[in-house]
Amino acid sequence: MKTENSNKLFTESIRYFPGGVNSPARAWNAVSGNPVFLENGAGPYVWDADDNKYIDYVLSWGPLILGHAASSVVESITSSVLKGTSFGAPTKTENDLGKMIIDAFPSIDMIRFVSSGTEAVMSAIRLARAHTDRNKIIKFEGGYHGHADSLLVNAGSGAATHGTPSSSGVTYSNANDTLTANYNDLESVRSLFTENKNEIACVIVEPIAANMGVIPPVTGFLEGLRDITTSNSSLLIFDEVVTGFRVAYGGAQSLYNIKPDITCLGKIIGGGLPVGAYGASHKIMQEVSPLGPMYQAGTLSGNPVAMSAGSATLKALQMSGIYDDLECMSQYLEREIYNLLTKSKLPVKINRVGSMMTIFFSESEVTSWKSASGSKTDIFIKLFHSMLNQNVYLPPSPYEAMFLSTEHRENEISSTIISLKTALET
Ligand SMILES: *Cc1c(COP(=O)(O)O)cnc(C)c1O
């Protein structure tokens, strides 16, 4: 595979940007080697700077559920751009997307648009603290909620304890208010509530974990979180930045039939442009400025071009059968991968919910960060590079989700399988 142009661009970019990238996951530290620079996307495919064509299972890390450059999205963006790119005043496009999201999520009466998932989560935490007048929050080990200070905290291995910062620059006073529990382990949550009575503002959770690889909630986990938070007058925040409109039109909360107090969205609702949002009941959203005392603002929030991309995406997702089709293709891919990997005697556990999945090279079930981090990453790294050489672009880390789009059809899946077969033979 020719990589001359990508390598040249990377040599230049490392002079401009830390690690040559503007978001760390784009550097291939987890798999080693230089990242390929992408230039073009169409449907399920991307092309790099050396004109290599790949089947793309990254899809911009989740937003592109319709594939690259979906015509309805491109048309909507184009006509919006021609009318001006930003006004700093309310526009009808915000109403359109806002209404679609409120209609899709019964737990959301009102919403506030921001420009990233990080901002959505950061604001949701502030809102929970404002509403409950409490300081502490609970997150889960291996749960990623963007890069706000209070969420860059991880208790490390072991039982639930007070958090230590997992990034330099995050202060201990900030980390101290963040408690960390184990995903899929209600007991670890209960004991934090017992130790911190009347101090916990909220529990924030990815209802389907997607940032330590895909890890679905075990039966009763989300129900348990709902019960514990309600009985302690704490709020339950679902971070559905990945899962919203991905696993079902109404997100993971519709799939598992749980109503969180606050929902965070991002990725798909921006149709490939920068959008985030948080929403809740009228009662909770009353706190948000200018209605209430919780301040939160943004120069480009609700940007009309981004809103139009989101609206066009959600409109396309309303077509009947879309999620059934995604399930069908994803199931097909999962089954074929599973068959090939078990035939080659590799220890494999595939975690999948709808069109997001992770292949863990692990003997045991993967249900938490602890079991995820026990998987054999060296097998994944080898597989990543040999798939890349055969024009399949997997996420460049063993702890990320692969995504499918509505454009990934039989053709792409079967050619992915053929590539995998070759990869396993070499
Ligand atoms: C991507 C992601 C975020 C952060 O969103 P950004 O737009 O990258 O700031 C937050 N939560 C979850 C679950 C995510 O996957």
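All figures in this text were calculated on a predicted structure; none of them were measured in a lab. (Residues numbered from 1 in each chain as written. Predicted model: local features only at pLDDT ≥ 70, side-chain atom pairs only at ≥ 80, totals over all residues. Heavy atoms only, no water.)

## Here's the deal with the packing of aromatic side chains
Heads up, the condition is: The aromatic pairing rule takes the rings of Phe, Tyr and Trp, using the six-membered ring of Trp, and pairs them if the centres are within 6.5 Å, calling planes under 30 degrees apart stacked, those over 60 edge-to-face and the rest tilted. Secondary structure elements are taken from DSSP: a helix is a run of H or I of four residues or more, a strand is a run of E of two residues or more, and numbering for both begins at the N terminus. Only protein chains enter the calculation, and the probe is 1.4 Å; a residue is then buried if its accessible area is under 20% of its type maximum, exposed if over 50%, and partly exposed in between. The criterion is that NZ of a Lys, or CZ of an Arg, lies within 6 Å of the ring centre and within 35 degrees of the ring normal, and then a charge sits over that ring.
Tallying each qualifying case throughout the model produces 11 aromatic pairs. An angle of 65° between the planes, with centres 5.5 Å apart, marks the rings of Phe105 and Phe245 as edge-to-face. One end of the pair, Phe105, is in the loop between α3 (92-104) and β4 (110-114); the other, Phe245, is in the loop between β10 (235-239) and α8 (251-256), and 140 residues separate them in sequence. Look at Phe105 and you get buried, because its relative accessible area is 0%. For the ring pair Phe245 and Tyr249, a centre distance of 4.8 Å and an interplane angle of 85° mean the geometry is edge-to-face. Counting every residue linked through ring pairs, the aromatic cluster contains Phe105, Phe245 and Tyr249. Lys53 extends its terminal NZ or CZ atom over the ring of Tyr45, reaching a point 4.1 Å from the ring centre.

## Considerations on the pattern of salt bridges
The test is simple: Any Lys or Arg side-chain nitrogen found within 4 Å of a carboxyl oxygen on Asp or Glu counts as a salt bridge.
Overall, the coordinates contain nine salt bridges when judged by the stated rule. The closest approach of N and O atoms between Arg190 and Glu187, which form a salt bridge, is 2.8 Å. Pair noted here: Arg190 and Glu187 are both in helix α6 (residues 186-195), with a separation of three residues, about one helical turn. Judged by relative accessible area, which is 37%, Arg190 ranks as partly exposed. A salt bridge links Arg409 to Asp325, with the shortest nitrogen-to-oxygen separation between them at 3.9 Å. One end of the pair, Arg409, is in the loop between β16 (402-403) and α14 (410-425); the other, Asp325, is in helix α11 (residues 322-343), with 84 residues separating them in the sequence. Its relative accessible area of 33% is what places Arg409 among the partly exposed residues. Taken together, the salt bridges that share partners define one network made up of Glu327, Glu334 and Arg352.

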